[in-house]
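# Inside the fold
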Amino acid sequence: MKMRSWLFAPGDSERKMEKAVEGAADVVIFDLEDAVAIENKPQARRMVRDFLEANPDARERIFVRVNPLDGPHTLDDLAAIMPGKPGGIMLPKAYGRQDVEALDKYLSALEVANGIENGSTPVIVLLTEVAECMFHAGDFKGAPRLVALTWGAEDLADSIGASTNRNPDGSFTFTYELARSMCLLGAATAGIPAIETIQGDFRDTEGLKTRAENVRRAGFRGMLAIHPAQVEVINEAFTPGDEEIAEAREIVGLFEANPGAGTIGWKGGMLDRPHLSRARQLLSQIDWD
């Protein structure tokens, strides 16, 4: 499954859900949390389930962001949507691995109740929306159902009482760059993809392109989107180019032709095993289909 672009759509808007699914996003996230007012949550749950039931061919790429486990809405969300067999669940405001394990138990019971294969509903976790989880980013290795980690800057600012998360030039301040790094390191420890957080200004496609390319070079494998206009930019940025692919294949080929070599001369320099590992990781990204 490709995980380059993850597009949010509010769960109480049938039009926006339809538009999101019709587009090119690798994953669509129907939101029952921040995008839906408390009084509209029951209706949004019904709308999301109805959409899932009416569009079985699209289910695999539809995740649902439920409300956080420390609030009163999560079980209502899950009980309402699981009969629709969503492709996955996004868990926001996680405090640590224990939240993933609790969610696993809820999902297992609901899978059995709805004739879904046990353990088949994957989970992506929003890692840094509460300050406490920053100290547990490395604890998710082997966590049940977990297929990706992502991070958030806005809720983290609220969690620590910050008035802003930006420097005067618009870049993230140190704490939020740290959160991004903790997400990346936590995902690497768990052996799963790290997904970059949103860019709020959906009109700034050039800025989005630059940022997406930068975080891919840093190790991220995809990015959250809040508007369909961002999807194609993200998909392109996280798709390895022909030159990169050819170079990676050449490096892999060199080591396969010299299986006992620890280092190999190449283009005036030296390749070693980390170069081989990176080449293989890049090639794995073109096999997500």
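Quick note: structure is the one above.
Just so we're clear, the structure is a prediction, and the values are computed from it rather than from any experiment.

## Concerning the packing of aromatic side chains
- Scanning the entire structure with this criterion turns up four aromatic pairs.
- Pairing Trp6 with Phe63 gives two aromatic rings, centres 5.3 Å apart and planes at 75°, and the pair type is edge-to-face. One end of the pair, Trp6, is in strand S1 (residues 5-10); the other, Phe63, is in strand S3 (residues 62-65), and 57 residues separate them in sequence.
- The buried category is assigned to Trp6, whose relative accessible area is 0%.

## Brief notes about the sheet that holds strand S8 (residues 222-225)
- Reading around the circumference, S1-S2-S3-S4-S5-S6-S7-S8 is the order of the eight strands in this closed barrel, with parallel pairing throughout. Within this sheet the neighbouring strands show an average axis-to-axis angle of 30°, counted without direction.
- When strand S7 (residues 194-196) meets S8, the two strands line up parallel, connected through two bridges. Each bridged residue has a counterpart across the sheet, and for Glu196 the counterpart in S8 is Met223.
- Running at roughly 155° to S7, helix H6 (residues 174-190) makes contact with strand S6 (146-150) and S7 of the sheet.

## Notes on the layout of surface pockets
- Taken as a whole, the largest pocket holds about 740 Å³ of empty space.
- Along the walls of the largest pocket sit 26 residues, with Arg221, Arg278, Gln281, Leu282 and Gln285 positioned nearest its centre.
- Considering every element that reaches the lining of the largest pocket, the biggest residue donor is helix H10 (residues 273-285), with seven residues.
- Of the residues contributing to the lining of the largest pocket, the split by class is 14 nonpolar, six polar and six charged.
- Counted as a void, the second largest pocket has a volume near 520 Å³.
- Lining the second largest pocket are 28 residues; nearest its centre among them are Phe8, Asp31, Arg65, Ile198 and Ile226.
- Elements that contribute at least two residues to the lining of the second largest pocket include exactly S1, helix H1 (14-22) and helix H5 (154-160).
- Looking at side-chain class alone, the lining of the second largest pocket contains 14 nonpolar, four polar and 10 charged residues.

## Considerations on helix H9 (residues 242-257)
- Compared with an ideal rise of 1.5 Å per residue, which puts 16 residues at 22 Å, H9 spans 22 Å between its outermost C-alpha atoms and is within 8% of the ideal.
- Buried-residue contacts for H9 involve strand S9 (263-266), strand S10 (269-272) and H10.

## A word on the nonpolar core
- Phe30 and Ile89 are the most contacted members of the largest nonpolar core, which totals 64 residues.
- The residues contacting Ile89, other than those within four sequence positions of it, are Phe63, Val64, Val66, Leu78, Ile81, Leu103, Leu107, Thr121, Pro122, Val123 and Ile124.
- Judged by nonpolar contacts, the second largest core, of 13 residues, contains Val252, Leu271, Ala279 and Leu283.

## Observations regarding the packing of helix H3 (residues 74-81) against helix H4 (residues 97-113)
- Axis separation between H3 and H4 bottoms out at 10 Å; the angle between their running directions is 30°. Here H3 is positioned roughly parallel relative to H4, judged by the angle of their axes. In the packing of H3 onto H4, the handedness of the crossing is right-handed. Residues Leu75, Leu78 and Ala79 of H3 pack against Leu103, Tyr106, Leu107 and Leu110 of H4.

## Focus on the pairing of S3
- Here S3 shows no split at all, with Ile62 and Val64 on one side and Phe63 and Arg65 on the other all buried.
- Strand direction decides the pairing type here: strand S2 (residues 27-31) and S3, joined by four bridges, are parallel. In the sheet register, Phe30 faces S3, and the bridge partner there is Val64.
- For the crossover from S2 across helix H2 (residues 41-54) to S3, the handedness is right-handed.
- The handedness of the S3 to strand S4 (residues 88-91) crossover, carried by H3, is right-handed.

## Let's talk about the pattern of salt bridges
- Evaluation of the coordinates by the stated rule reveals 14 salt bridges.
- For Arg65, the salt bridge is made with Glu33, and the minimal N-O distance between the two is 3.3 Å. Of this pair, Arg65 sits in strand S3 while Glu33 sits in the loop between S2 and H2, and the two are 32 residues apart along the sequence.
- With a relative accessible area of 8%, Arg65 lands in the buried category.
- For Asp155, the salt bridge goes to Lys93, with nearest N and O atoms at 3.4 Å. Pair noted here: Asp155 is in helix H5 and Lys93 is in the loop between S4 and H4, with a separation of 62 residues, a long-range link. Comparing Asp155 with Lys93, the two get one shared label, buried.
- Linked through salt bridges whose partners overlap, the residues forming this network are Asp31, Glu33, Asp34, Arg65, Lys93 and Asp155.

Reading the values: rules and limits
Residues numbered from 1 in each chain as written. Predicted model: local features only at pLDDT ≥ 70, side-chain atom pairs only at ≥ 80, totals over all residues. Heavy atoms only, no water. Phe/Tyr/Trp six-rings, centres within 6.5 Å; stacked < 30°, edge-to-face > 60°. Helix = DSSP H or I, 4+ residues; strand = E, 2+ residues; numbered from the N terminus. Buried < 20%, exposed > 50% of the residue type's maximum accessible area, 1.4 Å probe, protein only. Pairing = 2+ DSSP bridges. Axes fitted to C-alpha atoms, helices over the stretch in contact; angles between N-to-C directions. Contact = heavy atoms within 4.5 Å. 1 Å grid on protein atoms, 1.4 Å probe; cavity = no way out; pocket = protein on both sides within 12 Å on 5 of 7 lines; lining within 4 Å. Points joined across faces, edges and corners; volume = space filled by probe spheres on them. Nonpolar A, V, L, I, M, F, W, Y, C, P; charged D, E, K, R; others polar. Expected span 1.5 Å × (residues − 1). Core = buried A, V, L, I, M, F, W, Y, C linked by side-chain atoms within 4.5 Å. Parallel < 35°, antiparallel > 145°, perpendicular 65-115°, else oblique. Left-handed = near helix turned anticlockwise from the far one by under 90°. Right-handed = clockwise from strand over helix to strand, strands pointing away. Salt bridge = Lys/Arg side-chain N within 4 Å of Asp/Glu carboxyl O.

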